Amino acid sequence: MPELLDRVAVVTGATGVVGAAVAQRFAEEGARIVLVDDDEAALTRVRETLRRPPESMDSLAADLSSESQVSPLVTRVLARFGRIDILVNAMGMAEEPPWDEPGPAAWERRLRSLTACVLCCEAIAPEMRRQGRGRIVNIAAPAGRYRSAYARPEGVTGTGAPSAVTGGGVLALTRELSLELGPHGVTVNAVAPGWILTERSTREWERMSERARRDVLAEISLSRPGRPGEVAGVVLFLASDASSYVSGSTIDVNGGWWMS
Amino acid sequence: MKLAERVAIVTGGALGIGKAIATACAREGARIVLCDIAAPALAAAEAEIRALGASVLSLRVDVTDRAQVAAMVETVLKTWGRVDILVNNAGGGIGPKGLTETRDDEWDAVVNLNLKGQFLCCREVAAAMRRQAWGRIINIASNAGRYRSNTGFGGLAYSAAKGGVLQLTRSVAHELGSAGITVNAIAPGSVLSERGWREFEALPVELRERVLAETPLGRFGRAEEIASIAVFLASEDASYVTGATIVANGGWCAA
């Protein structure tokens, strides 16, 4: 029995590798999926890989950091599917600025992704309250839970602070919303990924010295990076009935790098 | 089925959360090794899980006794040739005894049962899991060991031992990770299992209501809601999760 049969799931940041993996996993579990991101062409590509019938799938290109684009999203999903059971905010892994991005641009981009996460939760929560049930799963940027796992190599400029601050913001938002929405049967949880194989992390890996790579692997209990699908497995758990007594929690998906 | 053909040992499996975990694992296709010290309850649980069509081996084991734990693992290996999943669930407290009320022998008994028992079981299954290059260890801790007890019911020694379980989890996770073995903990809040109900009913009404008011989900948990977390941690979905603690307390404390 598919775990999310006919559940309506909105996935934001859906064109990042983690967001796309979540959409893929949800599709396998029978969910009806709405993909949201700001890149129309990338959305189309993800949609095509999912191979779901059109009646179980929708996508919308929108800048969710702008309130005026968030409320049409909710209206559209409700018109199309009549309900919203699950919200996954995957922009935390979708909008990683490159190492070299100058500070001000990185701050702006990261803060926009936090704003988008807040706005999506706020816009969709009332619908979940009305339904008396719902699941919100926020995926934080890796540096939001623990400090960055490895230092930037010599010669690389830029700062990890924007990722750390916004990722931490996502986790705080998660805890606070769990208090507000719990009485209405809505759970709110977060996933804190570690080193996951994304395009960006692969580029970074290639720039690191042999020594630095060895050190990183030695620190990870499972001695390997994670795959996007392994984050999706945890998101599925938090979106399913299996996690019904879990709320306000953050689950580390880092192969045993940092533990707390 | 998420756990098809896996061999899963569940300690304290005759009642409550342990029985719920064994049942949920059986429903996902696992072969179950049910361990407990309570013989009549063990037989009843075995019959119940067999009725689901699962293979069950039930063993009377005191997890605080090294020889009995070693013999248990040997029996499992002789029977099924492997140990895929260990759920360290056996445990329990002695009621709401604080610092000055806890006697030395009570401290020793509670720490032995809740912490040493888990250590012994981890140690005795590790070699088989290493050989298989695959294993899942799931340690049942408690909200009381992660934050503090919400009802005070488990007592000081119980909270301290469960805090130890979380640290055991992290240390063993790091030690066994490169062998393809994950080790995680579940920290349940108040769960209305058989024992949980008895404890719940013994609580002053005022305390009961306060705890519920402080719990965003507004209710206590069910044993099945802990069991579904154990199935997740034992499944491929959790393949990149290790050294982690999954808190299941309805949001009572979130950190």
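The structure we're discussing is the one just above.
Everything numeric here is computed off the predicted structure, so don't read it as measured data.

We note that Asp6 of chain A has phi near 65°; this positive angle belongs to a residue other than glycine. Accessibility expressed as a C-beta count within 10 Å gives 12 for Asp6 of chain A, which makes it exposed. Phi at Glu5 of chain B is positive, roughly 70°, even though this residue is not glycine. Topologically, Glu5 of chain B is positioned in the segment before strand E1 (7–11).

Each side of the interface is counted separately: chain A has 28 residues, and chain B has 29 residues. Among the secondary structure elements, those contributing two or more residues to the side of chain A that touches chain B are helix H6 (161–181), helix H9 (228–239) and strand E7 (250–253) of chain A. Counted by class, the side of chain A that touches chain B contains 12 nonpolar, 13 polar and 3 charged residues.

Next up on the list: the sheet that holds strand E2 (residues 31–36) of chain B. Residues and elements named next belong to chain B. With parallel pairing, the 7 strands of this open sheet are ordered in space as E3-E2-E1-E4-E5-E6-E7. Each of the sheet's edge strands pairs with one partner strand only, and the pair in question is strand E3 (56–60) and strand E7 (245–248). Along the sheet, successive strands turn relative to each other by an average axial angle of 15°, direction set aside. Two strands pair when backbone bridges link them, and E1 and E2 are joined in this way by 5 bridges, in the parallel orientation. Each residue of the ladder has a partner; that of Ala8, found in E2, is Ile32. Packing against the sheet, helix H6 (residues 156–176) makes contact with strand E5 (135–140), strand E6 (181–188) and E7, and its axis sits at approximately 165° to E6.

Attention now moves to the sheet that holds strand E5 (residues 134–139) of chain A. All names here are of chain A. With parallel pairing, the 7 strands of this open sheet are ordered in space as E3-E2-E1-E4-E5-E6-E7. Each edge of the sheet is formed by a strand with only one pairing partner; in this case those strands are strand E3 (57–61) and E7. Adjacent strand axes in the sheet meet at a mean angle of 15° when their direction is disregarded. Helix-sheet contacts for helix H5 (residues 103–131) involve strand E1 (8–12), strand E4 (86–89), E5 and strand E6 (186–193), and the interaxial angle to E4 is about 170°.

So, about helix H1 (residues 16–27) of chain B. All names here are of chain B. Taking 1.5 Å of rise per residue, 12 residues should cover 16 Å, and H1 covers 17 Å from first to last C-alpha, within 8% of that figure. Most of H1 sits inside the fold, with 11 of its 12 residues counted as buried. Along H1, the positions that sit buried rather than exposed are Gly16, Ile17, Gly18, Lys19, Ala20, Ile21, Ala22, Thr23, Ala24, Cys25 and Ala26. Of the residues flanking the end of H1, it is Gly29, one or two places downstream, whose phi is positive at about 100°.

Calculation criteria
Residues numbered from 1 in each chain as written. Chains lettered and ligands numbered in written order. Predicted model: local features only at pLDDT ≥ 70, side-chain atom pairs only at ≥ 80, totals over all residues. Buried ≥ 20, exposed ≤ 12 C-beta atoms within 10 Å, placed from the backbone. Helix = DSSP H or I, 4+ residues; strand = E, 2+ residues; numbered from the N terminus. Contact = placed C-beta atoms within 7 Å. Nonpolar A, V, L, I, M, F, W, Y, C, P; charged D, E, K, R; others polar. Pairing = 2+ DSSP bridges. Axes fitted to C-alpha atoms, helices over the stretch in contact; angles between N-to-C directions. Expected span 1.5 Å × (residues − 1).

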